[in-house]
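Below are the chains, spelled out letter by letter.
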Amino acid sequence: MTNLFGVVMLSGIYSLVTALVFVNLDAVDVAFTEAAVGAGLSTVLMLGTLVLTGKEEIKTTRKPWLPLIVCVATGVVLIYGTLDMPKYGDPNAPVHQHVAPRYIDDSEGEVGVPNIVTSVLASYRGFDTLGETTVVFTALIGVLILLTGLRKRDKNELTLEELEEQRKREKEL
Amino acid sequence: MMDRKPILRVTAKIFMPFILLFGLYVQIHGDFGPGGGFQAGVIFASSFILYALIYSLHDAKLVLSSVALEIMAAIGVLLFAGTGVVSFFYGENFLNYNALAHDPIHGQHYGILIIELGVGLTVFSAMTLIFYTFAGRGR
């Protein structure tokens with residue numbers, strides 16, 4: 001597939017389907033985030049990138065064999081790793097025996113918020129969420145430095161819309 | 001860019017307040033239903049991105065400028081970390097909201113509300129600003 005527009009659309013659809021899978025697993029909060037960020041926001045950002053880079057992939061002369069072998073080998077190892085995992089939904093799985101019972105039993109009395117996900121995210125694991133917010137903030141700073149740079153903004157620089165119109169005009173010619 | 005698309009312009013204008021209201025609902029109702037600061041921030045950002053896509057980046061920047069967004073992103077993180085620091089003054093651990101009110105449960109409620117607001121602010125401004133920089137950049 002060399003049409004990058006199609007690739008972006010497919011990844012958006014993939015995110016939406018993943019969100020449905022999360023709903024099926026009763027992880028509504030995660031599904032919410034996945035649908036909003038994966039299917040919505042990142043698709044728009046990728047489309048914005050496409051206008052800057054062009055809509056067709058450049059043909060490479062390199063052979064795909066080495067990357068293909070690496071991908072398949074990694075996949076096989078990962079699937080092999082899942083073989084001795086506990087069965088899906090097994091109540092005796094370690095993940096359900098560690099801190100989860102305490103959250104389920106005590107969060108009503110300790111935090112008093114009906115949505116346990118929120119009480120875990122904001123209160124029990126508040127430090128993690130603080131780190132997460134800082135990561136978003138740092139990512140923003142990174143993007144700003146990478147895209148606008150430390151140079152002063154050029155007033156005559158074309159915006160995305162003007163660029164698109166210019167391309168349209170070039171095509172008509 | 002979209003001068004000749006009245007249907008899109010009118011639809012976007014009608015949808016905007018509802019998206020913003022839904023964002024606020026997700027933000028404030030996050031401790032009772034699904035959602036929270038992160039999701040609310042993204043929904044809020046998507047409404048601004050819709051506005052910038054249908055109208056223009058210039059118009060969106062008139063509503064909320066890049067500088068204001070940069071400041072809001074920093075305020076969000078500071079609000080979160082500041083809430084943690086406040087509990088120091090009451091002799092509690094960092095980010096222990098029990099100290100924020102006389103009743104520990106009430107303290108937890110206030111704490112969660114405030115830090116979710118901080119998360120929402122940062123995520124909203126970061127996402128919108130990233131879109132602004134992407135869309136405002138030509139070659």
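Data block above holds the structure.
Reference entry: report on the structure contained in this document. Note that this is a predicted model, so its numbers are computed, not measured.

Further remarks concern the overall build of chain B. Looking only at helices and strands, chain B features five helices and zero strands. For chain B, the N- to C-terminal ordering of α and β elements is α-α-α-α-α. Relative to its length of 139 residues, chain B is extended, with a C-alpha radius of gyration of 18 Å against a globular reference of 14 Å. The dimensions of chain B, computed from C-alpha atoms along their principal axes, are 60 × 35 × 20 Å. Put simply, chain B has 139 residues, and 49% of those count as buried. Nonlocal contacts in chain B, meaning residues at least 24 apart in sequence, comprise 60% of its contacts between residues at least 6 apart. Working note: accessible area of chain B is about 6,800 Å², and carbon and sulfur atoms make up 71% of it. In chain B, 7 side chains carry a positive charge and 7 a negative one; their mean positions are 27 Å apart.

We now examine the overall build of chain A. Looking only at helices and strands, chain A has eight helices and zero strands in total. Counting helices and strands in the order they occur from the N terminus, chain A gives α-α-α-α-α-α-α-α. Compactness check: chain A gives a C-alpha radius of gyration of 23 Å against a globular reference of 16 Å for 173 residues, more than 25% above the reference. Summarising its shape, the C-alpha atoms of chain A cover approximately 70 × 45 × 30 Å along the three principal directions. A burial count over chain A gives 26% of its 173 residues as buried.

Moving on, we get to the packing of aromatic side chains. In the structure shown here, the tally under the stated rule is eight aromatic pairs over all chains. In this structure an aromatic cluster arises from ring pairing among A:Phe32, B:Phe22 and B:Tyr25.

Between chain A and chain B, the residue contacts involve 47 residues of the former and 49 residues of the latter. Surface buried jointly by chain A and chain B totals about 4,300 Å² across both partners, of which 73% is contributed by carbon and sulfur atoms. If you look at where chain A meets chain B, you find zero salt bridges. Where chain A meets chain B, there are ten residue pairs in polar contact (both at pLDDT 80 or more). By residue number, the principal contributor to the side of chain A that touches chain B is helix α7 (residues 126–148) of chain A, which donates 14 residues. Of the residues assigned to the side of chain A that touches chain B, the class counts are 23 nonpolar, 14 polar and ten charged.

All names here are of chain B. Relative to the elements of secondary structure, Thr133 occurs in helix α5 (residues 104–135). Judged by relative accessible area, which is 10%, Thr133 ranks as buried. Looking at Thr133, its side chain comes within polar contact range of the main-chain oxygen of Ile130, at 2.9 Å.

Residues and elements named next belong to chain A. Under the definition given, this model contains two salt bridges over all chains. The partner of Arg102 in a salt bridge is Asp106, with the nearest N and O atoms 3.7 Å apart. Of this pair, Arg102 and Asp106 both sit in helix α5 (residues 100–110), separated by four residues, roughly a single helical turn. With its nearest N and O atoms 2.8 Å apart, the salt bridge here joins Glu110 to Arg102. The class for Arg102 is partly exposed, based on a relative accessible area of 43%.

Here we take up the environment of B:Gly37. Residue and element names in this part refer to chain B. With respect to the element layout, Gly37 can be found in helix α2 (residues 37–54). Between the C-alpha atoms of Gly37 and Val26, which are eleven residues apart in sequence, the distance is 7.7 Å. For Gly37, the residues in contact, after removing those within four places along its chain, are Gln27, Glu116, Val119 and Gly120.

So, on to α7(A). An ideal rise of 1.5 Å per residue puts 33 Å on 23 residues; α7(A) measures up with 33 Å between its terminal C-alpha atoms. Among the residues making up α7(A), those that are buried are A:Gly126, A:Thr129, A:Leu130, A:Thr133, A:Val136, A:Leu140, A:Val143, A:Leu144, A:Leu147 and A:Thr148. Residues of α7(A) that are buried make contact with α6 (116–124) of chain A together with α2, α4 (66–89) and α5 of chain B. Once α7(A) ends, the next one or two residues include A:Gly149, with phi positive near 75°.

Residues and elements named next belong to chain A. Put simply, α5 and α6 touch, their axes get as near as 10 Å, and they point 80° apart. In this view, α5 runs roughly perpendicular relative to α6, as classed from their interaxial angle. Here Arg102, Tyr103, Ile104, Asp106, Ser107 and Glu110 of α5 come into contact with α6, specifically with Ile116, Ser119, Val120 and Tyr124. A breakdown of the residues in the contact of α5 with α6 according to their chemical character gives five nonpolar, two polar and three charged.

Procedures and definitions
- Residues numbered from 1 in each chain as written.
- Chains lettered and ligands numbered in written order.
- Predicted model: local features only at pLDDT ≥ 70, side-chain atom pairs only at ≥ 80, totals over all residues.
- Heavy atoms only, no water.
- Helix = DSSP H or I, 4+ residues; strand = E, 2+ residues; numbered from the N terminus.
- Rg over C-alpha atoms; globule rule 2.2 N^0.38 Å.
- Buried < 20%, exposed > 50% of the residue type's maximum accessible area, 1.4 Å probe, protein only.
- Contact = heavy atoms within 4.5 Å.
- Areas by Shrake-Rupley, 256 points an atom, 1.4 Å probe, with all protein chains shown as cover.
- Lys, Arg positive; Asp, Glu negative; His and termini not counted.
- Charge placed at Lys NZ, Arg CZ, Asp CG, Glu CD.
- Phe/Tyr/Trp six-rings, centres within 6.5 Å; stacked < 30°, edge-to-face > 60°.
- Buried area = accessible area lost by both parts, 1.4 Å probe.
- Salt bridge = Lys/Arg side-chain N within 4 Å of Asp/Glu carboxyl O.
- Polar contact = N/O pair within 3.5 Å; in protein donor to acceptor, adjacent residues only side chain to side chain.
- Nonpolar A, V, L, I, M, F, W, Y, C, P; charged D, E, K, R; others polar.
- Expected span 1.5 Å × (residues − 1).
- Axes fitted to C-alpha atoms, helices over the stretch in contact; angles between N-to-C directions.
- Parallel < 35°, antiparallel > 145°, perpendicular 65-115°, else oblique.

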